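# Architecture and fold: a report
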Amino acid sequence: MSERRYDPKQIEPKWQAIWERERTWEVTNDPRGSDGREKSYVLEMLPYPSGEPHIGHLKNYALGDAIAHFQRRIGRRVLHPMGYDAFGLPAENNAIKTGVHPRDATNQSIATFHEAFHRWGISIDWSRELATHQPSYYRWTQWIFLQLLKRDLAYKKTAAVNWCPNDQTVLANEQVIDGRCERCGHLVEVRQLEQWFFRITDYADRLLDDLDTIRWPEHVKAMQRNWIGRSEGAEVVFRCEELGIDYPVFTTRPDTLFGATFFVMAPEHPDVFRLAEGTEHEQAVHEYVNQTITESAELRGDAEKPKTGVALGRTVTNPLTNEQIPMFVADYVLMEYGTGAIMAVPAHDQRDYDFAKVFDLPIRPVVAPADDGSDPDPATEGAAFTAHTENEVLINSRQFSGMNAVEGQRAIVEWLDREGKGHFSVSYKLRDWLVSRQRYWGCPIPVVYCGRCGMVPVPESRLPVELPNIEDYQPRGRSPLAAAEDWVNTTCPDCGGRARRETDTMDTFVDSSWYYLRYCDAHNDHAAWDRRVLRSWMPVDQYIGGVEHAILHLMYSRFFVKALTDMELLDIQEPFQALFTQGMILGPDGNKMSKSFGNVISPQPIVDRFGADAARCYVLFIGPPDQDAAWADTGIEGIYRRLLGRLWRLADDLASDGATGTVPTDQPIAPEGDELTIVRKANWAIDKVTRDMTTRFAFNTALSAIIELINEIYHYPEADPQARRFAAATAASLVFPFAPHLGAEAYEMLTGRRVWEEPWPDADPEMLQTETFQLVCQVNGKVRDRVNAPTGAPREELEKLCLESRGVQSHLNGQEIAKVVVVPDKLVNVVVR
């Protein structure tokens, strides 16, 4: 056995230098370079560059890299790029705290990430590297904004924002902690400001229906379906006569309209303050809205939460009864549902009922069970009658009384339609995408405001509108950009007169909603992309990222693609054909790794000690990649020794037995005895790893199979060297997607060839046919023994082998057997009474 040791500090830089020098992982857009190979676009979600990467980053990119390597080895032409989601609040807040310009801090962090990816050996096409804060990138983000604006998919309207009166700034939801500003601790208020939106609701049905066309985890599809929240019902108009304003509401129960005895608006509704203005309730409304606006939707929607609210001092007209019913603001109504206002029917909605009891409001039943026609009295029963079946009739509903509730629902809406007071409608929980941010570190919105011409888009020829350098990032009642007078003051593109630039910047989700398109044509200076180039790469074949992005990022990206395809700029309907959501790595304390928890693990000390391959393999070995896994430093040494170190020593020993470059690695012909056992194990490992790579990305079990193969080779030291070399070269080939440096080194030592240039190995079907298998023996579903059994043995023989096994005998202990269940070639379960 070799006395030399596996040394990743020597091996890993060697291969990294070769890959960088030879630009191994770059692919061309020239169709002549495709060699007719099928394309595979493998992409991990781009990182936010803040500080240095943590172990969660390593897992995500090691996982994606394994997929990319496998796709190359099975003959596909792989695009595997990298970029950085570089705009956003963390860099700006850091600038406020430290005085380091966000651009400088971001560039330094990008350099750290870039170096880490190189050191980890991630097979990136670095010729396509980009960052969203570069003018060469956000020029095209602004161009996309203008295309949406041209088609009325971008617009401006008033919306509620979180406002810190002490810092004089708008706060993102994540900056509000328990109703207070995270920076100064002051109570947060609500303000109504003009904001930019994208009209994503125009695509609600397509976003919903097209989920059936993509290979995404079902739980992610369910999250998107719930977020879109399609409901069928009616839109009904309630009029505030005093102010002459119509308020449409959406309801799925128009059959209960005669029971609407009050009207409730969400605290975020833009008319709440307007309605309360000048009434005795004005101050109380402002205090209530500011108190409730920062509560989570989950808390506000909790049916058990005590009902609170404030009267608005106004009434609306019930369009069916012509009654004047009082208006309230209450936190249990969400802006995300319908129009942000509801008709309250306390007799038939439990939350409305609870609210009515608190405020002593009328409770009028209008639906009753059809079987007895009784008139339920929720005022005395203590609960609303909320059944909604076909076995109900309308009561207290004038000309509609006595109708079946389903028929009555249709009849009521048809009557409203004839009277111009309502109509059948479909509603969505999905709301238009608010993209305005009153912050500095973001993509400028390319419009100006002219006193003569109004709002004017910046001409495409003048893009990008570059973000100016400023020294003070602290917002004081407006965006920090508003203080950059030299930048704000400009000329109108239409009339040449004085104009002012838009000082809002774009939500960073805009940047990350199209970056995967730019990768395909990253150096195009004349357009965001060449449609023909994107036709050859899009959609992304395999997308990898955290489930926390299941709603916003993935929904927004889908919207962008559909809108751009409608503009005839793309030829696809979905950006990501297949999605894999990896689990998180939990810190030693069991919590999600986060700087705020102080439990972030840096890969650097691990890579320094054990090498990148060991770190990569361990993060994929500690559990199924789609599940969370707790980090433990103690396990990595086992991977280092049992997998990487032992494979290197095998390669070193076996390579010394023959001339490098001439050692045969083909499967030995007609192996026997120990050689046959080793060859069978190698073929078993090929089959196992291939299935794990293609079906469920079970990389933990794939690595276990490689370890088993290495153990088998060590178990037969006297076997024929050709069989052992074949098995060792197979192990090196199989481990390459997970440990590319060691895989390349061991394979070259054994064969003189480059493993990434070799096709993925195929298992010999004949070698997968074994004469025996391990029969699992259970008692009442618990494994009590394992015995060798002949492959294809009849049920009777398998049952006998199990019953006679020592483990089963010791657990039967004279108990009466109820039945024996036999699963051929797998297990026998003995059920005892």
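In case you missed it, the structure is sitting above this.
## Focus: unusual backbone geometry
- Leu463 connects to Pro464 through a cis peptide bond whose omega is 5 degrees.
- Mapped onto the elements of the fold, Pro464 is located in the loop between strand 22 (454-457) and helix 14 (485-488).
- Of note, the bond from Met538 into Pro539 is cis; its omega dihedral lies within 30 degrees of zero at 0 degrees.
- When you line up the elements, Pro539 lands in the loop between helix 17 (531-537) and strand 26 (542-546).
- Non-glycine residue Asp360 carries a positive phi angle of around 55 degrees.

## Some details on the sheet that holds strand 27 (residues 579-582)
- Read from one edge of the open sheet, four strands run 2-1-26-27, paired in parallel fashion. This sheet does not close on itself; its edge strands, each paired only once, are strand 2 (77-79) and strand 27. Averaged over neighbouring strand pairs, the angle between their axes works out to 20 degrees when direction is ignored.
- Summarising the sheet, strand 1 (residues 39-44) and strand 2 pair through three bridges and their orientation is parallel.

## Observations regarding the sheet that holds strand 5 (residues 154-164)
- A sheet is described by the order of its strands in space; here four strands give the open sequence 6-5-9-19, paired in antiparallel fashion. Two strands lie at the open edges of the sheet, namely strand 6 (169-171) and strand 19 (433-434), each paired on one side alone.
- Alignment of strand 5 against strand 6, held across three bridges, turns out to be antiparallel. Residue pairing in the sheet places Cys164 in a bridge with Thr169 of strand 6.

## A look at the packing of aromatic side chains
- A complete count under the given rule lists 49 aromatic pairs for this structure.
- Consider the rings of Tyr332 and Phe355, whose centres lie 5.7 Å apart with planes at 50 degrees: the pair is tilted. On the criterion of sequence distance, the pair formed by Tyr332 in the loop between strand 14 (324-329) and strand 15 (341-344) and Phe355 in helix 11 (residues 350-359) is long-range, its members being 23 residues apart.
- Relative accessible area serves as the criterion here: at 3%, Tyr332 is assigned to the buried category.
- Taking 5.4 Å as the distance between ring centres and 65 degrees as the angle between the ring planes, the aromatic pair formed by Phe610 and Tyr640 counts as edge-to-face. Of this pair, Phe610 sits in helix 19 (residues 603-610) while Tyr640 sits in helix 21 (residues 636-655), and the two are 30 residues apart along the sequence.

## Some points on the pairing of strand 1
- Burial within strand 1 is extensive, with six of its six residues counted as buried.
- Side chains Lys39, Tyr41 and Leu43 project from strand 1 onto one buried face, and the interleaved Ser40, Val42 and Glu44 project onto a second face that is buried too.
- With helix 2 (residues 55-73) bridging strand 1 and the parallel strand 2, this β-α-β connection has right-handed handedness.

## Description of the pattern of salt bridges
- Tallied over the entire structure, the rule returns 45 salt bridges.
- Between Glu232 and Arg230 there is a salt bridge, with the nearest N and O atoms lying 3.0 Å from each other.
- A salt bridge links Asp331 to Lys305; the shortest N-O distance between them is 2.7 Å. Linking Asp331 in the loop between strand 14 and strand 15 with Lys305 in the loop between helix 10 (297-300) and strand 13 (310-317), this pair joins segments that are 26 residues apart in sequence.

What counts as what
Residues numbered from 1 in each chain as written. Predicted model: local features only at pLDDT ≥ 70, side-chain atom pairs only at ≥ 80, totals over all residues. Heavy atoms only, no water. Helix = DSSP H or I, 4+ residues; strand = E, 2+ residues; numbered from the N terminus. Pairing = 2+ DSSP bridges. Axes fitted to C-alpha atoms, helices over the stretch in contact; angles between N-to-C directions. Phe/Tyr/Trp six-rings, centres within 6.5 Å; stacked < 30°, edge-to-face > 60°. Buried < 20%, exposed > 50% of the residue type's maximum accessible area, 1.4 Å probe, protein only. Right-handed = clockwise from strand over helix to strand, strands pointing away. Salt bridge = Lys/Arg side-chain N within 4 Å of Asp/Glu carboxyl O.

Everything listed is a geometric property; what it means functionally is a separate question.
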